[in-house]
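One-letter residues, chain by chain:
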Amino acid sequence: MNLEERNEENLAHIIHEMGRMLQVVNESIMDPKDYDINKYDELKGLYDLLKQKGKLTVAETQAFIAELKNYRK
């Protein structure tokens, strides 16, 4: 899977993986159709940062989730 390509399938993968990595309990906030494909690059950047960072503190997790809200439709 080439995540450099901006498409709905890659967006869904990124959103689901971030939800898994952030251990989001309320999965409704991680529904890919609620995110704008035009924000793909920003979301991919968050995904890459999350993968690089690995484990997050509670405060970092909350910050990531708050940032994701900015990219919802």
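Okay, so let's go over this structure.

Parameters and conventions
- Residues numbered from 1 in each chain as written.
- Predicted model: local features only at pLDDT ≥ 70, side-chain atom pairs only at ≥ 80, totals over all residues.
- Heavy atoms only, no water.
- Core = buried A, V, L, I, M, F, W, Y, C linked by side-chain atoms within 4.5 Å.
- Buried < 20%, exposed > 50% of the residue type's maximum accessible area, 1.4 Å probe, protein only.
- Helix = DSSP H or I, 4+ residues; strand = E, 2+ residues; numbered from the N terminus.
- Contact = heavy atoms within 4.5 Å.
- Polar contact = N/O pair within 3.5 Å; in protein donor to acceptor, adjacent residues only side chain to side chain.

Points about the nonpolar core
Next, step 1: Judged by nonpolar contacts, the single largest core of 18 residues is most densely connected at Ile15, Met18, Leu22, Met30, Tyr35, Leu43 and Leu68.
Next, step 2: Secondary structure elements with two or more residues in this core: helix H1 (8-21), helix H2 (40-53) and helix H3 (58-69).
Next, step 3: Apart from residues no more than four positions distant in its own chain, leucine 43 is found in contact with Leu11, Ile14, Ile15, Met18, Tyr35, Asp36, Leu68 and Tyr71.

Focus on the environment of tyrosine 40
Next, step 1: In this fold, tyrosine 40 is placed in helix H2.
Next, step 2: For the pair tyrosine 40 and glutamate 4, spaced 36 residues apart in sequence, the C-alpha to C-alpha distance is 9.5 Å.
Next, step 3: The contacts of tyrosine 40, once residues within four sequence positions are left out, are Leu3, Glu5, Arg6, Asn7, Asn10, Leu11 and Ile14.
Next, step 4: Within the local environment of tyrosine 40, its side chain forms a polar contact with the backbone oxygen of leucine 3, the two atoms lying 2.4 Å apart.

All we've got here are geometric facts, nothing functional implied.
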